[in-house]
Protein chains: 2
Amino acid sequence: MELRHLRYFCVVAEELNLTRAAAKLHMAQPPLSRQIKQMEGEIGAYLFERSARGLRLTPAGQFFHEHTLQILEKVDATVAATQRLARSKRVMFGIGFVPSVFYGQLPLLVRELRQKDNVELVLAELTTVQQVQALKSGRIDMGFGRMRIDDPDVEQENLFDEPLMAALPEGHPLAETTPTLAQLAEYPLVLFPAQPRPSLADMTLGLFRRRGLKVTVAQEANELQTALALVASEIGITLVPEQVKRVRRDGIVYVYLAAPGLTSPVLCSRRKGEAPSPIMQEANAILEVLVENRRSGRYP
Amino acid sequence: MELRHLRYFCVVAEELNLTRAAAKLHMAQPPLSRQIKQMEGEIGAYLFERSARGLRLTPAGQFFHEHTLQILEKVDATVAATQRLARSKRVMFGIGFVPSVFYGQLPLLVRELRQKDNVELVLAELTTVQQVQALKSGRIDMGFGRMRIDDPDVEQENLFDEPLMAALPEGHPLAETTPTLAQLAEYPLVLFPAQPRPSLADMTLGLFRRRGLKVTVAQEANELQTALALVASEIGITLVPEQVKRVRRDGIVYVYLAAPGLTSPVLCSRRKGEAPSPIMQEANAILEVLVENRRSGRYP
DNA sequence: CTCCATGATACCTCCAGGGTATGGATGACG
DNA sequence: CGTCATCCATACCCTGGAGGTATCATGGAG
């Protein structure tokens, strides 16, 4: 499969007529017909229903069309941005993060760095394990996660430890208490993120399991916002790191847990033994302020 | 430019050695060398610095690498999802939305529809104008926006009107008041979204301008979360539709405006004169409940 | 029933992508 | 400092497949 196929497909999907599409693409109809067919063969699904009076998109074809447009747009945008970057002599700084660290002050780091006009920031949502790989390959320069990883080429700094909190629907029996895990285990759980694993979800499950508590998972969610909506809908309760409590929402209350030491660290990973670049130094300075703010409880 | 180029580039960027990369790709080194060069020519930027001891990514190359990985991943994911869709005989339902309507109950519609196991939901962030085009081409089946558009093939239903609110940092002089626009104009503004225009940002500016008020824009932001972080940092204040107040956040208070009639509608667009499909009927039913909840102030 | 628009098939052509051979540059090493 | 090893670039050849032309098959419109 090549971009050519996608480009052809898009035009055909818009025209729904091979002859017209071929004209638009400045080519003859038979080769276009063949390329489309070839692509269908490669995917292993019919994208069009053929008739004597033109084509019609199948459901799979509609779906493919939607995403093909997005892909082609991204390709164009990437090329354009790369050209700009090359001309402007800016430098790239990549930050990897696991979703659960992105509700606190990290967005502020991103904002500050974006304002530097000599740096092109690239964000990548990566698991902690992926971050190690991405650091080594130079894909990112800094990673934020919650898991300690032992790797000779990567050093991790513990920025701070965060207590876990329970997110409960308003009016829940345990609201306004500091419940134990045993108490929480009585209620169905909204697990998140469901993808990708392993994640906070497994950590949560592990907490209960290690105490011999059995939990029922009412629903899985991929994103925090969804999980909170589910909690507000009284479908279940969920555990979140403390910084999430900044994301307030009608119908949701956060309570600390009675069990002490239920914390989740936030770790910053960098390549070991590398002289910090000017941008890295700036990032470190900003980070220091943010961590200090966090420790002192000040905001932002 | 073809996907082949991107695939080659990725391997080379990882190996940083043409000979090894070629071996990994099961091809000889010279053609690989040529393809890379050809792509650099097409982009018009050097992606690698060549030396006798291998290659090094330029800043532009690093950036390109990052995004190339994402593109290739998306291609694979799209093909896989299309196959699944074709096998499962599910049907696609596309929803377009402008970002500013996505903080209220719309996520619930999405969640409900996702749970139907005969529908593959596709979400697309589109401007209202793009939504009309997307509806006609069948790219989406339902659109949510804030602008009325006159088009013979599209019908719009006004779901409800939303008052605008001001988001202020905690302790702001105007907090706990219902300020007039003139009062608000005294303070610097955080404008959002900065991209794509026209948007809520222009609506906000227009409100002030039409009253002959001059505002200073302290900062632009692309996303709500960023805008709110900026407001909390006391960089400025901003105007948001009412449903945003659900997104609570430490350091932020929302106040209604004294000026009456400052509302922003939420419109649902559909193709005109089309018999509603089973999924459309389900969507309409869910939507009705959500709108009723909204009107009655209940949650969710 | 006829016509014609439209997609499919058959077959040809030619270019570009891939291969082989080799040159040239540069860091490693004794 | 000379030699070697490594690695990318260049030159040239070959072949597969993308695209073209001619034509067939099909089915809805009138």
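Nothing here was measured: the structure is a model prediction, and the numbers come from that model.

Asks: Report on unusual backbone geometry, specifying residues and quantitative values.
Replies: One non-glycine residue with positive phi stands out, namely Glu176 of chain A, at about 65 degrees. Inspection of the secondary structure puts Glu176 of chain A in the loop between β6 (154-169) and α7 (181-184). Judged by relative accessible area, which is 81%, Glu176 of chain A ranks as exposed. Although it is not a glycine, Leu16 of chain B adopts a positive phi angle of roughly 55 degrees. Note on placement: Leu16 of chain B falls in the loop between α1 (3-15) and α2 (18-24). With relative accessibility at 31%, the residue Leu16 of chain B sits in the partly exposed group.

Asks: Got a sec to walk through the protein's contact with DNA strand D? Specific residues and values, please.
Replies: Around DNA strand D sit 24 residues in total, of which Tyr8, Ala28 and Arg34 of chain A together with Ser33 and Arg50 of chain B are the nearest. Take the atoms of DNA strand D that sit within 4 Å of the protein: sugar and phosphate atoms are 66% of them. Within the side chain of Gln38 of chain A, one N or O atom sits 3.3 Å away from a phosphate oxygen of DNA strand D. Between DNA strand D and the protein, one listed contact pairs a phosphate oxygen with a side-chain N or O atom of Thr19 of chain B at 2.9 Å. Among the secondary structure elements, those contributing two or more residues to the surface near DNA strand D are α1 (3-15) and α3 (29-43) of chain A together with α2, α3 (29-43), β1 (48-51) and β2 (54-57) of chain B. Top contributing element to the surface near DNA strand D by residue count: α3 of chain A, with five residues. In the surface near DNA strand D, the residues fall into ten nonpolar, nine polar and five charged.

Asks: Break down the pattern of salt bridges for me, with residues and values.
Replies: Side chains that differ in sign of charge can pair as their charged atoms come close. Residues and elements named next belong to chain A. Within this structure, the stated rule accounts for 30 salt bridges over all chains. With a shortest N-O distance of 3.0 Å, Arg90 and Glu120 are connected by a salt bridge. Of the two residues, Arg90 is situated in the loop between α4 (59-88) and β3 (91-97) and Glu120 in strand β4 (residues 119-125); the sequence distance between them amounts to 30 residues. Through salt bridges with shared partners, one network takes in Arg146, Glu162, Glu242 and Arg294.

Asks: Can you tell me about the relation of the copies chain A and chain B, naming the residues and giving the values?
Replies: Rotating chain A by 179 degrees about the axis while translating it 0.1 Å along that axis superimposes it on chain B, leaving an RMSD of 0.2 Å. Read as a symmetry element, the transformation amounts to a two-fold axis. Minimal C-alpha distance to the rotation axis in chain A is attained by Arg248 of chain A, lying at 2.2 Å. Of the interface residues in chain A, 100% have counterparts in chain B that sit at the interface too, so the contact is made through matching surfaces.

Asks: Give a description of helix α6 (residues 128-136) of chain B that names residues and reports values.
Replies: Residues and elements named next belong to chain B. Every buried residue belonging to α6 is among Thr128, Gln131, Val132, Ala134 and Leu135, and all of these are buried. On its buried face, α6 is in contact with β3 (91-97), β5 (142-145), β6 (154-169) and β11 (263-271). Gly138, located one to two residues past α6, shows a positive phi value of around 80 degrees.

Asks: I'd like to hear about the protein's contact with DNA strand C, residue by residue, with values.
Replies: Around DNA strand C, the structure places 25 residues, and the nearest of them are Leu18 and Ser33 of chain A together with Tyr8, Ala28 and Arg34 of chain B. In DNA strand C, the atoms that sit within 4 Å of the protein are 68% sugar and phosphate, with bases accounting for the remainder. Take Arg4 of chain B: an N or O atom from its side chain is 3.5 Å from a phosphate oxygen of DNA strand C. Note that a sugar or linking oxygen of DNA strand C is positioned 3.4 Å from one of the side-chain N or O atoms of Gln35 of chain B. Broken down by secondary-structure element, the contributors of at least two residues to the surface near DNA strand C are α2 (18-24), α3, β1 (48-51) and β2 (54-57) of chain A together with α1 and α3 of chain B. Here the element with the most residues in the surface near DNA strand C is α3 of chain B; it accounts for five residues. When grouped by side-chain class, the residues that make up the surface near DNA strand C number ten nonpolar, nine polar and six charged.

Cut-off values and rules
- Residues numbered from 1 in each chain as written.
- Chains lettered and ligands numbered in written order.
- Predicted model: local features only at pLDDT ≥ 70, side-chain atom pairs only at ≥ 80, totals over all residues.
- Heavy atoms only, no water.
- Helix = DSSP H or I, 4+ residues; strand = E, 2+ residues; numbered from the N terminus.
- Buried < 20%, exposed > 50% of the residue type's maximum accessible area, 1.4 Å probe, protein only.
- Near = heavy atom within 4 Å.
- Polar contact = N/O pair within 3.5 Å; in protein donor to acceptor, adjacent residues only side chain to side chain.
- Nonpolar A, V, L, I, M, F, W, Y, C, P; charged D, E, K, R; others polar.
- Salt bridge = Lys/Arg side-chain N within 4 Å of Asp/Glu carboxyl O.
- Least-squares fit on C-alpha atoms with pLDDT ≥ 70 in both.
- Contact = heavy atoms within 4.5 Å.

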